Amino acid sequence: MALRLPTHLVTPAKLNHHHRHCHRHGGLSWRRTLASDALISSSVSSSSSSMSPSSAAGKFNVVKCTSAPTATAGAVNLGPGTPVRPTSILVVGATGTLGRQVVRRALDEGYDVRCLVRPRPAPADFLRDWGATVVNADLSKPETIPATLVGIHTIIDCATGRPEEPIKTVDWEGKVALIQCAKAMGIQKYVFFSIHNCDKHPEVPLMEIKYCTEKFLHDSGLNHIIIRLCGFMQGLIGQYAVPILEEKSVWGTDAPTRIAYMDTQDIARLTFIALRNETINGKLLTFAGPRAWTTQEVITLCERLAGQDANVTTVPVTVLRFTRQLTRFFEWTNDVADRLAFSEVLTSDIVFSTPMNDTYQLLGVEAKEIVTLEKYLQDYFTNILKKLKDLKAQSKQTDIYF
């Protein structure tokens, strides 16, 4: 029998908002440029929004998260339907830094993994090679979503928009469509990865969208777990380790920001521990590494492990602020300014970290099991320097002629 979606999928409503307080049992709307019209059509076949221009050139538009009671809040649940195996999961954003580690961990633990991947010139063959099933869909095209959810018990949402596309396209409109489809099709659990302190920075579009998505997921009625993250150790390789080894410029700032980076393998492992713990349903967890590091401390550590100095180019925070203000003058650069706003927060004096003792106790994990940044980078440099040494030795051998 052909799958039939309900004819009524409730959409976020535009309602009153005071001091970013979101009333429960209501929809959420992202109000930077979106009007109150429905984001997702009743047939989940399209995504619609109304664009409103800035009232004056150079004026900052603030993202606002609004909600209030509505008579038909929440998407329609069709009922139990055909039972699905609890081990059947869909990973959204499976090709990303975190997503691929979630896929590998899930496969290692015996889950049946389906990966939602956007159609791309270079297919994600590595996911198939690992043993996952790959399905093509696009969060920016809601009509492609329902078929990917058939037979799925749990969604693990690691997705975020690409740098070249508007933040709202995937991170808000796409996520609203996905959550509504998940509710309508009876998905049993939804795991959403968010950003630490996203509720404290309404002036940053990406962080405000993450917070709005948290609230929308909470009010959807789905069993869910929200996990806020501080930073990935893997991101430091391309940002600092590789440039130092290749004697290229390393970009840093003069801000005292401290970030508690975490290995994505640890994040994936803790995620599945939380997934199996039914007492964690509906909770918000924050995962942070053992220690918060400044940019300069990370660079110094890389220099010591690489055995060579870094060519550091420092970008003052004032330059980032000026660039953000400048790009606000032009409608076509608004998305650039939105991303610069996030960079500005990351280069402020904020500490992206949180005590993990209660979380470790809740998950039954020992702190010593979590990889430190020193250990992670030491392993990387040890392996890469050994490979470089072997390549150099092989190169010398090929220069010998008889």
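Residues numbered from 1 in each chain as written. Predicted model: local features only at pLDDT ≥ 70, side-chain atom pairs only at ≥ 80, totals over all residues. Heavy atoms only, no water.

Focus: the overall build of the protein chain
Phase 1 of the analysis: The helix and strand tally for the protein chain stands at 11 helices and 13 strands.
Phase 2 of the analysis: Considering the protein chain as a whole, with its 402 residues, one finds that 50% of them fall into the buried category.
Phase 3 of the analysis: Relative to all contacts within the protein chain whose residues are 6 or more apart in sequence, the contacts with residues 24 or more apart total 78%.
Phase 4 of the analysis: As displayed, the protein chain has an accessible area near 19500 Å², and 53% of this comes from carbon and sulfur atoms. (Helix = DSSP H or I, 4+ residues; strand = E, 2+ residues; numbered from the N terminus. Buried < 20%, exposed > 50% of the residue type's maximum accessible area, 1.4 Å probe, protein only. Contact = heavy atoms within 4.5 Å. Areas by Shrake-Rupley, 256 points an atom, 1.4 Å probe, with all protein chains shown as cover.)

Focus on helix H5 (residues 235–245)
Because the α-helix completes a turn every 3.6 residues, residues three or four places apart line up on one side.
Phase 1 of the analysis: Taken together, the buried positions of H5 are occupied by Leu236, Ile237, Tyr240, Ala241, Pro243, Ile244 and Leu245.
Phase 2 of the analysis: One or two steps after H5, the chain reaches Glu247, where phi turns positive at roughly 60 degrees.

Side note on the environment of Arg114
Phase 1 of the analysis: Along the chain, Arg114 falls in strand E4 (residues 112–117).
Phase 2 of the analysis: Within polar-contact distance, the side chain of Arg114 engages the backbone oxygen of Val150 at 2.8 Å. (Polar contact = N/O pair within 3.5 Å; in protein donor to acceptor, adjacent residues only side chain to side chain.)

Some words on the confidence of the model for the protein chain
Phase 1 of the analysis: Scored by pLDDT, the protein chain has a mean of 76; 67% of the residues are at 70 or more.
Phase 2 of the analysis: Scored below 50 in pLDDT, residues 1–28 shows 89 contacts in the model against residues more than four places distant or in partner chains. (pLDDT = per-residue confidence, 0-100.)

Considering the side chain of Thr295
Phase 1 of the analysis: Note that Thr295 resides in helix H7 (residues 295–306).
Phase 2 of the analysis: Dropping the residues within four chain positions of it, Thr295 is found in contact with Tyr240, Gly252 and Thr257.

Examining the nonpolar core
Phase 1 of the analysis: Judged by nonpolar contacts, the single largest core of 100 residues is most densely connected at Ile155, Phe193 and Phe287.
Phase 2 of the analysis: The element that contributes the greatest number of residues to this core is helix H3 (residues 167–184), accounting for nine residues.
Phase 3 of the analysis: Those residues in contact with Ile155 that lie beyond four places of it in its chain are Leu90, Val92, Leu149, Leu178, Ala182, Ile187, Lys189, Tyr190 and Val191. (Core = buried A, V, L, I, M, F, W, Y, C linked by side-chain atoms within 4.5 Å.)

Overview of the pairing of strand E3 (residues 88–92)
Phase 1 of the analysis: Counting buried positions along E3 yields five of five residues, so the element is predominantly enclosed.
Phase 2 of the analysis: Taking every second residue as pointing to the same face, both faces of E3 are buried, with Ser88, Leu90 and Val92 on one and Ile89 and Val91 on the other.
Phase 3 of the analysis: In this sheet, E4 lies alongside E3 in parallel orientation, the contact comprising five bridges. By the bridge assignment for E4, Ser88 is matched with Asp112. (Pairing = 2+ DSSP bridges.)

Points about the side chain of Thr271
Phase 1 of the analysis: For Thr271, the position within the fold is in helix H6 (residues 264–276).
Phase 2 of the analysis: Residues within four places of Thr271 in sequence aside, it is in contact with Val191, Phe193, Ile227 and Phe287.

A word on the environment of Leu362
Phase 1 of the analysis: Structurally, Leu362 is set in helix H10 (residues 357–363).
Phase 2 of the analysis: For Leu362 and Ala274, which are 88 residues apart along the polypeptide, the C-alpha to C-alpha distance reads 8.7 Å.
Phase 3 of the analysis: With residues near it in sequence (within four places) discarded, Leu362 still touches Asn277, Ile280, Lys283 and Leu285.

Observations concerning the packing of aromatic side chains
Phase 1 of the analysis: Under the defined criterion, the tally for this structure stands at four aromatic pairs.
Phase 2 of the analysis: Note on Phe126 and Trp130: the rings are 5.1 Å apart at their centroids and 75 degrees apart in plane angle, and the pair reads as edge-to-face. Residue Phe126 and its partner Trp130 are located together in helix H2 (residues 125–130), separated by four residues, close to a single helical turn.
Phase 3 of the analysis: With a relative accessible area of 31%, Trp130 lands in the partly exposed category. (Phe/Tyr/Trp six-rings, centres within 6.5 Å; stacked < 30°, edge-to-face > 60°.)

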